[in-house]
Amino acid sequence: MTSSWNDTVTISGQTVTIRNIGHNGTLAPGTSTTSLGFQASRPNGNTAPPSGYTCA
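Please read these numbers as outputs of a predicted model, since none were measured by experiment.

**Examining the overall build of the protein chain**
A tally of helices and strands in the protein chain yields zero helices and four strands. Mapped from its N terminus to its C terminus, the protein chain presents α and β elements in the order β-β-β-β. Residue burial in the protein chain is summarised as follows: out of 56 residues, 5% are buried. For the protein chain, contacts bridging at least 24 residues in sequence account for 37% of all contacts bridging at least 6. Carbon together with sulfur atoms contributes 52% to the accessible area of the protein chain, which is approximately 4,900 Å² in total.

Parameters and conventions
Residues numbered from 1 in each chain as written. Predicted model: local features only at pLDDT ≥ 70, side-chain atom pairs only at ≥ 80, totals over all residues. Heavy atoms only, no water. Helix = DSSP H or I, 4+ residues; strand = E, 2+ residues; numbered from the N terminus. Buried < 20%, exposed > 50% of the residue type's maximum accessible area, 1.4 Å probe, protein only. Contact = heavy atoms within 4.5 Å. Areas by Shrake-Rupley, 256 points an atom, 1.4 Å probe, with all protein chains shown as cover.

Any link to function would need more than the numbers given here.
Encoded structure:
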C-alpha cells in the first residue's frame, strides 16, 4: 500500500483489507455516493496483474 483515502486499512501478510470509515456512513436516499480508494506499488519488474479482489 502506498496510500489510501476515506477508509481504514488492515494488512496481514499479503492480505489487505479496506473498510469504509464512519464519516462515510449510510447515505440517505437520493444523495451522492462517497468514495474510497487506494494506491499500491509492486516490486520492480513485476508485470502480473493484481488478483484476488473481493467486495463484501
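From this point, the discussion proceeds with the structure in view.
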